[in-house]
Structures are given as C-alpha cells and as structure tokens.
Amino acid sequence: MTTGAVVTMVVMWLVFIGALTWCSSRLGKGGKWED
Amino acid sequence: MAEVTRERWSNRTLFIFAAIGSAIGLGNIWRFPYLSYEYGGGVFLIPWVIGLIVLGIPWMMMEFGMGRYFQKGAPGVFEGIGKKWEWVGWWPVFCAFLIDTYYVVILAWSLRYVVSSATMAWGMGEAGATGAGSYFFEQVLHLSSGPSVLGAPVLPLLGFLALTWVVLFFIMFKGARVIGKVAVWTVTIPWALLLVLLVRGLTLPGAIDGLNYYLSPDLAALGNVDVWFAAFSQIAFTLSLGMAGMFAYGSFIAKKADVTNNAFIASFSNCATSFFAGFAVFSIVGFIMQALSVPVGDVSSAGLGLAFVTFPVGISMLPGANAFIGILFFLCVFFLGIDSAFFLAYGGVIAPLMDKFGWSRVKATAIVCVVAFAIGIVYTTTGGLYWLDIVDRTVCFYGLLITGALACLVVGWGFGADKLRAHLNETSDIKVGSWWNWLLKIVVPLGLLFVVIYGGFLQDIPTSYGGYPRWATNVMWIILGVTLLLSFWFQAIKTKGPKEGE
C-alpha cells in the first residue's frame, strides 16, 4: 500500500476507536435509563 | 382523559442498536466507498468527518431530543411547538413513506439475487463478468426503454416484495421492544458478513491496488467545492435524518435517559461501518481491475450498479466458492437495508399515524404495509427502475434536505435551541455547550441548503435530471408539491389523539 493510504487507514481507525472509547467511558454519567 | 403511556425501548443497548441499524443502510456499502475514491481518496475523509461533527451529530441530537421532549413522532413534535408548524412534521413523514415504497423493492432484488447466486445464474468466469450487466437489466428487471413504458410487474420481484413486507409487518406490529431486539441481529449480521467479505477480498490478487485507490490522499482535492459538497451530502444522507423516524425513536427514550451520548455512538458507529465497508468493496474492485485488466474508472461505481453489476462481476471471477460469496454478499445487502426499512416505516410513518389518529399498532402497521406494497408494485414493472430513480431523487434528495433544513430552523429559532440544549444537558452523559445552538440554528440548515441548491436545483433546472425527458423532472416537482399539500391537509385534520396504552 502507498504511505498515504496507510496513514489514512491508521488515522481514521484511531479517530473511530478513540471517539467510541471516549463515548463508552461516559456511559451512565448522565441520566438514568428507567423513568 | 387518561394519560397515554408511551412505548419504550427495553434497554439502552437495544435503542443504540436500533439507532445504528436505522442509520446503517445500503449507502454505507454502495455510496461512501465510491465517493471516497472519486473525491480525493483519504482527503475526502477530512470534510466527511467535519460534516459529521458540525452537521450530522447536532442534527441527530435535535431529532432525538425533540422526540423525547414531546414524547411524540415528528408531527406531534412540531404541533407541540405551535399548531401552525405541524405540517413541518408531516412533510418528512410522506417522504419517508415514499422512500420505503422503493427501498423495500431493492431489498426484494437482493433476495432475488440470493437465489440467483445459488446457481450463479449470470454465469461464471469471463462469461459471467461480461454478462452480469445484461442479467440484471434484462433478465431480472426486464428493463423497458424508458419511464413512459411501464409494462407489467415482473412476477419474481413482486413475490419477493410481498415476502419482504410480510417480514416487516411481523417485525413492526409489536412495536419498539421487538424492533430493538431484531435490530441487534440486523446490525451484527451485516458486520459479520462484511468481515467475511473483507477477508476474502484481501486475499485476492489486486486487492491492495484497490485499497490504494480508496485511501491514497490527493491533498489538492480539499480546495474543490465538489469534494465538500459530496462529503456533506453523504453525511446528510447516511444518518437517516430528515426522514421523521428519529423523532419517534427519540420519543421511545425514557424521560430521564441520555440523548447526546447515544447520538455520538450511533453516528460514529455508522461512519465506522462505512469506512470498514470501503475496504471490502475496494479490495474486490482491485481484484476485478487485475482480473479483467481494466482501469479503476471502468470498475468503480456507486449505487445499484455497484451492488447488482460490479459485485456480481467480481463474484463470477473468484477462483472458488463463488455461489457462497454471492449468497453472503446479497444477504449482507438485505440485512443492511432491512433495519432502515422498518425504521422508515415504523418511526417515520406508523408512530406518527398512531399519535394523530389513535389507531392501534396492528391497524397502523397493516395499513402502511399494504399501501406501501401496493405502491411498490410500480417499481417491479419493467419501467420500475426509472421511476425508482426519479422518486428517489425527489424524496430522498429534495424532500430529505428541505424538510431537514426546515425542521432545524423551526426548532432552532421557534422552539429555541437554548431550551432544547438545557433539556438535553439535564440528563445526558455528554453536556453540549452553547456552540451547539449556532450549529443547529445556522450551520446545519445552511449546510443542507447548500447541498440542495448546489447539487439539486442548479443541476435539475437547467438540465433534466438523469437525462430523462423534461416531463419526468416535472413529475418530481409535482410529487414534492403533493407531499407538501398532504402535509397541510393532515395538519388541518382534527383528531382525538392516541388512546390509552397505545
């Protein structure tokens, strides 16, 4: 693969994994699911 | 009057899966990868992620948040803001309904291809590669010469359409609790199937060349307005917003539960799936390029052509297990689309009808399924593909973008972005700042209007859409006008609302 393609792949997966990990770490810090 | 009990998701996980399932659809596999290749490779992902953050996620928070605030589907939400705005909620309902009438037909095609794959009906090897296109257009669709030649319904397609609507009825008639449980499967099965396809694709010769076309960045593309248009339009379409359904899905969230974090998770999961699907698609594209010795431009395509022509070409050229991979791919297409189909029907149409007219869930579901099936018969005729394309342009492009911009403006300026933000922050895991107000009030509507003007009116007014006769483009404006008039009519109808327990 070209260097650009590898960089794109690595950066994008870091973005997605980082974002979803951060969201997961916030789970339950706000409201309650039950009324 | 007895208080109406709103139906609820069984738990947070099921809601998140339902939201992800509604967002993930056919576009993730057949539109995003092509756009990335066409508009600068890896560089396309920069405006795409920016569009996700400034347009997609704030818009999704608004739809979830307003649904939860009013505990109603889209029309009930806008009626709650002011009786004069109820039509703003009905317009996307009619658009969602029309989208579902042809979307389910595409699912019927995919079931047809599951059967075709078992015998590799379009042929094997080079014969299959050259015959895949004619098989789709001539033997599956029996395509006529133009939209004015409608012809008779193609019976196998009609049968698979009926079957798909029966399946949808049984998924939807018990409401959100069953929908959530089904969504867990309809999200995870395509993920698993995409993984299998990716592994198969990566082990084929030429796969790396395909991935280079998909991901190699062309930095100069960032200065091209078409790249930004493509990225923002993809974000506008990929999250299933502007189709009324997310208001209803939000209304099934408990009053004290999170909204913003769910919006982040659903949006990022959807986009991660698109990115992942691109690897599976372009590894096969690279394989076809090498096997047939053709340039990438001859192989890569978006939309129906990718799923029903390009992929069958690749499948016929595989060194082994052709039928197995074909069945897996078209099952993947079916499962990717089925949860968007029941999202459009249930959240987009059935829940608003129940809110307004007090119909039972079974009655509303049966009526929607039968009427949508009846309209869908048009797309199973020999001229159906042309009408599918024309109606898609009308409701899934113009309808979605215009009603989405209107909704953001009415909520942002009429209801009050600050009031909604306070409501969101009261119970959500992630608190949003005042920047969100301006995204909702200005950036999102302007972004959507940019897409609809630049990619829509400026194209379709001087030149007839898709090369169709001018009258076909005029039909688009008529359909759009009729759905708008129906919205005002439904606003004017006085009802007693839902009964207790419905």
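See above for the structure.
Rules of the game
- Counting restarts for each chain: residues are numbered from 1 in the order of the written sequence.
- Going through the entries in the order they are written, you letter the chains from A and number the ligands from 1.
- Residues qualify for local features only when their pLDDT is at least 70, as the model is predicted, and side-chain atom pairs are given and counted only at 80 or more; totals for whole chains, interfaces and linings, by contrast, use all residues.
- Put simply, DSSP H or I for four residues or longer makes a helix, DSSP E for two residues or longer makes a strand, and each gets a number counted from the N terminus.
- Values of the radius of gyration come from C-alpha atoms, whereas the globule rule sets the reference at 2.2 Å times the count of residues to the power 0.38.
- Residue burial is a threshold on neighbouring C-beta atoms within 10 Å of the residue's own C-beta, all placed from the backbone, with 20 or more meaning buried, 12 or fewer meaning exposed, and counts in between meaning partly exposed.
- We call two residues in contact whenever the C-beta atoms placed from their backbones are within 7 Å.
- Helices are assigned an expected span. That span is 1.5 Å times one less than the residue count.
- What the arc measures is the spread of directions leading from the helix axis to the C-beta atoms.
- Axes, fitted as lines to C-alpha atoms, cover a helix only where it is in contact. Angles between the N-to-C directions of the axes lie from 0 to 180 degrees.
- What sets the label is the angle itself: under 35 degrees gives roughly parallel, over 145 gives roughly antiparallel, 65 to 115 gives roughly perpendicular, and the rest give oblique.
- Handedness of a crossing is defined here by the sense of rotation of the near helix relative to the far one, left-handed for an anticlockwise turn of less than a right angle and right-handed for a clockwise turn.
- Gly is placed with the polar residues, together with every amino acid not listed as nonpolar (Ala, Val, Leu, Ile, Met, Phe, Trp, Tyr, Cys and Pro) or charged (Asp, Glu, Lys and Arg).
- Only buried residues count toward a nonpolar core: Ala, Val, Leu, Ile, Met, Phe, Trp, Tyr and Cys, linked into one set through C-beta atoms within 7 Å.

## Considerations on the overall build of chain B
Thinking step 1. Within chain B, the regular secondary structure consists of 20 helices and zero strands.
Thinking step 2. For 502 residues, the compact-globule formula gives about 23 Å, and the C-alpha radius of gyration of chain B, at 22 Å, lands near that figure.
Thinking step 3. The principal-axis extents of the C-alpha atoms in chain B amount to approximately 70 × 50 × 45 Å.
Thinking step 4. Every one of the 502 residues in chain B was classed for burial, and the buried ones make up 59%.
Thinking step 5. Pairs at least 24 apart in sequence give 87% of the contacts found in chain B among residues at least 6 apart.

## Some points on the overall build of chain A
Thinking step 1. Along chain A, the regular secondary structure elements total one helix and zero strands.
Thinking step 2. For chain A, the proportion of its 35 residues judged to be buried stands at 14%.

## Structural notes on unusual backbone geometry
Excluding glycine, residues mostly have negative phi values, and the peptide bonds linking residues are mostly trans.
Residue and element names in this part refer to chain B.
Thinking step 1. The phi dihedral of H142 falls on the positive side, at around 50 degrees, and the residue is not glycine.
Thinking step 2. Checked against the element boundaries, H142 lands in the loop between α7 (125–140) and α8 (155–172).
Thinking step 3. Even without being glycine, A321 reaches a positive phi, approximately 55 degrees.
Thinking step 4. Mapped onto the secondary structure, A321 falls in the loop between α15 (304–317) and α16 (322–357).
Thinking step 5. The exposed category is assigned to A321, around which 12 C-beta atoms lie within 10 Å.

## Some words on helix α17 (residues 361–376) of chain B
Residues and elements named next belong to chain B.
Thinking step 1. With 16 residues, α17 ought to run about 22 Å at 1.5 Å a step, and its terminal C-alpha atoms sit 22 Å apart, in line with that.
Thinking step 2. Along α17, the positions that sit buried rather than exposed are A364, T365, V368, C369, A372, F373 and G376. End-on view of α17: buried residues confined to an arc of 150 degrees, all on one side of the axis. The outward face of α17, more than 90 degrees from its buried face, is lined by the exposed residues V370 and A374.
Thinking step 3. If you follow the buried residues of α17, they end up packed against α6 (86–119), α8 and α16.

## Some details on the packing of α6 of chain B against helix α20 (residues 470–492) of chain B
All names here are of chain B.
Thinking step 1. Direction vectors running N to C along α6 and α20 enclose 130 degrees, while the axes themselves pass 8 Å from each other. One way to sum up the angle between α6 and α20 is to call them oblique. Between α6 and α20 lies a crossing of right-handed hand. Here E86, W87, W90, W91, F94 and C95 of α6 come into contact with α20, specifically with T483, L484, L486, S487, F488, F490 and Q491.
Thinking step 2. Residues of the contact of α6 with α20, tallied by class, amount to nine nonpolar, three polar and one charged.

## Considerations on the nonpolar core
Thinking step 1. M60, I99, F342, A345, I350 and L401 of chain B are the most contacted members of the largest nonpolar core, which has 200 residues in total.
Thinking step 2. Ignoring anything within four residues of it in the chain, the contact list for M60 of chain B reads L239, L241, M246, A263, A266 and S267 of chain B.

## Brief notes about helix α1 (residues 12–23) of chain B
Thinking step 1. Taking 1.5 Å per residue, 12 residues should reach 16 Å; α1 of chain B reaches 17 Å between its end C-alpha atoms and fits that length.
Thinking step 2. Against α9 (176–202), α11 (225–238), α12 (245–251), α13 (260–292) and α16 of chain B lie the buried residues of α1 of chain B.

## Digging into the environment of T164 of chain B
All names here are of chain B.
Thinking step 1. With respect to the helices, strands and loops of the structure, T164 is situated in helix α8.
Thinking step 2. You can call T164 buried: it has 25 C-beta atoms within 10 Å.
Thinking step 3. Residues T164 and V105, 59 residues apart in the sequence, show an inter-C-alpha distance of 8.5 Å.

## Observations regarding the packing of α9 of chain B against α16 of chain B
All names here are of chain B.
Thinking step 1. One can describe the packing of α9 onto α16 by two numbers: an axis separation of 9 Å at closest approach and a directional angle of 150 degrees. When the axes of α9 and α16 are compared, the pair comes out roughly antiparallel. The interaxial crossing formed by α9 with α16 has left-handed handedness. Residue-level contacts link I179, A183, T186, V187, I189, P190, L193, L194, V196, L197 and R200 of α9 to I325, L328, F329, L331, C332, F335, L336, I338, D339, F342 and Y346 of α16.
Thinking step 2. The residue inventory of the contact of α9 with α16, partitioned by class, reads 19 nonpolar, one polar and two charged.

## Concerning the environment of G40 of chain B
All names here are of chain B.
Thinking step 1. If you trace the backbone, G40 turns up in the loop between α3 (32–38) and α4 (45–70).
Thinking step 2. The exposure class of G40 is buried, given the 25 C-beta atoms found within 10 Å.
Thinking step 3. In this structure, the C-alpha to C-alpha distance between G40 and P217, residues 177 residues apart in sequence, is 5.8 Å.
Thinking step 4. Leaving out residues up to four positions away in the same chain, G40 has contacts with P217, D218, A221, L222 and V227.

## Some thoughts on the environment of S144 of chain B
Residues and elements named next belong to chain B.
Thinking step 1. Take S144: it is sitting in the loop between α7 and α8.
Thinking step 2. Overall, the presence of 16 C-beta atoms within 10 Å leaves S144 in the partly exposed class.
Thinking step 3. Along the chain, S144 and T382 lie 238 residues apart, while their C-alpha atoms are 5.2 Å from each other.
Thinking step 4. Excluding anything up to four places from it in sequence, S144 contacts V149, G151, T382 and G383.

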